[in-house]
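Analysis of the macromolecular model
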Amino acid sequence: QVQLVESGGDLVQPGGSLRLSCAASGVIFRISAVGWYRQAPGKERALVATTTQFGVTNYADSVKGRFTISRDNAKNAVYLQMNSLKPEDTAVYYCNIQNVAQGNYWGQGTQVTVSS
């Protein structure tokens, strides 16, 4: 059974930083693409950043230069370093993992609130 557990969400002031973590189990992590998505109130879930099993990364334009996605295949973990946070970054952040052998899976989400 595939499980994704996110952590690291918090309340932070504008300009601050947070690091989100996602721990995966039951999945063939090394062959998986992994990523972070977010959903703000009243909006659809949207891509934040992804990284393929080959290390190719992709970012939403709104977070380029501020957020960094990374993965640790030895720990079955994916991270999102978020710097220079803005109020518009407020959302529930979801971890996603997918591969051709097992399919597509989501975590339960972690709340990030950017407010003074």
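In short, a report on the structure. A quick note: this is a predicted structure, and the numbers were derived from the prediction, not measured. (Residues numbered from 1 in each chain as written. Predicted model: local features only at pLDDT ≥ 70, side-chain atom pairs only at ≥ 80, totals over all residues. Heavy atoms only, no water.)

What about the sheet that holds strand 1 (residues 3–7)?
Defined as follows: The pairing criterion for strands is at least two bridges between them, as found by DSSP. Helix and strand definitions follow DSSP, with helices as H or I runs of at least four residues and strands as E runs of at least two, each counted in order from the N terminus. An axis is simply a line fitted to the C-alpha atoms; with a helix, the fit covers only the stretch in contact. Between two such axes, the angle follows the N-to-C directions and lies from 0 to 180 degrees.
Strand order in this open sheet of 4 strands is 1-3-8-7, and the pairing throughout is antiparallel. Strands with a single pairing partner mark the edges of an open sheet, and in this sheet they are strand 1 and strand 7 (67–72). For this sheet, the mean angle separating the axes of adjacent strands, direction not counted, is 15 degrees. Across 6 bridges, the pairing between strand 3 (residues 18–25) and strand 8 (residues 77–82) is antiparallel. In the strand pairing of strand 8, arginine 19 is matched with glutamine 81.

Examining the side chain of arginine 71
Stated formally: Relative accessibility under 20% of the residue-type maximum defines a buried residue, over 50% an exposed one, and the middle range a partly exposed one, all with a 1.4 Å probe and only protein chains included. By the counting scheme adopted, Arg and Lys are positive, Glu and Asp are negative, and His together with the chain ends is not counted. Basic side-chain nitrogens of Lys or Arg form a salt bridge, by our definition, when they fall within 4 Å of a carboxyl oxygen of Asp or Glu. The term polar contact refers here to a pair of N or O atoms within 3.5 Å; inside protein, the definition further demands a hydrogen-donor-capable atom paired with an acceptor-capable atom, and it admits residues adjacent in sequence only when both atoms are side-chain atoms. Only heavy atoms enter the contact rule, under which two residues are in contact if any of them lie within 4.5 Å.
Note on placement: arginine 71 falls in strand 7. Nearest to the buried, unbridged arginine 71 among oppositely charged side chains is aspartate 72, at 8.4 Å. Reaching out from arginine 71, the side chain makes a polar contact with the backbone oxygen of serine 32 at a distance of 2.8 Å. Within the local environment of arginine 71, its side chain forms a polar contact with the backbone oxygen of threonine 52, the two atoms lying 2.9 Å apart. Look past the residues within four positions of arginine 71 in its chain and what remains in contact with it is Phe29, Arg30, Ser32, Ala33, Val34, Thr51, Thr52, Gln53, Ala77 and Val78.

Describing the nonpolar core
Cut-off, in case you're wondering: Here the nonpolar core consists of buried residues drawn from Ala, Val, Leu, Ile, Met, Phe, Trp, Tyr and Cys, with membership extended through side-chain atoms lying within 4.5 Å.
Ranked by internal contacts, the top residues of the largest apolar core, which has 28 residues, are Trp36, Val48, Phe67, Leu80, Met82, Tyr93 and Ile97. Contributions of two or more residues to this core are made by strand 3, strand 4 (33–39), strand 5 (46–51), strand 7, strand 8, strand 9 (91–99) and strand 11 (110–114). In this view, tyrosine 93 contacts Glu6, Leu20, Trp36, Tyr37, Arg38, Val48, Phe67, Leu80, Met82, Gly109, Thr110 and Val112; residues no more than four positions away in its chain are not counted.

As for the packing of aromatic side chains
Short version of the rule: Stacked, edge-to-face and tilted are the three classes for Phe, Tyr and Trp ring pairs, Trp counted by its six-membered ring, which pair at centre distances within 6.5 Å; planes under 30 degrees apart are stacked, over 60 edge-to-face, the rest tilted. A ring has a charge above it when a Lys NZ or an Arg CZ is no more than 6 Å from the ring centre and no more than 35 degrees off the ring normal.
By the definition in use, this model includes 1 aromatic pair. Where tyrosine 37 meets tryptophan 106, the ring centres are 5.0 Å apart and the plane angle is 70 degrees; that geometry is what we call edge-to-face. Of this pair, tyrosine 37 sits in strand 4 while tryptophan 106 is found in strand 10 (residues 103–106), placing the two residues 69 residues apart along the sequence. Here tryptophan 106 falls in the partly exposed class, since its relative accessible area comes to 37%. Arginine 19 extends its terminal NZ or CZ atom over the ring of tyrosine 79, reaching a point 4.1 Å from the ring centre. Lying across the ring of tyrosine 94, arginine 45 places its NZ or CZ 3.7 Å from the centre.

Observations regarding the pairing of strand 5
As paired strands, strand 4 and strand 5 are joined by 5 bridges and run antiparallel to one another. In the strand pairing of strand 5, glycine 35 is matched with threonine 50. A loop of 6 residues connects strand 4 with strand 5, the two strands running antiparallel in sequence, and glycine 42 in this loop sits at a positive phi of about 80 degrees. One ladder, built from 3 bridges, connects strand 5 with strand 6 (residues 57–59); its direction is antiparallel. Residue pairing for strand 6: threonine 51 is matched across the bridge by threonine 57. Hairpin geometry of strand 5 and strand 6 is characterised by an intervening segment of 5 residues between the two adjacent antiparallel strands and by a positive phi of about 85 degrees at glycine 55.

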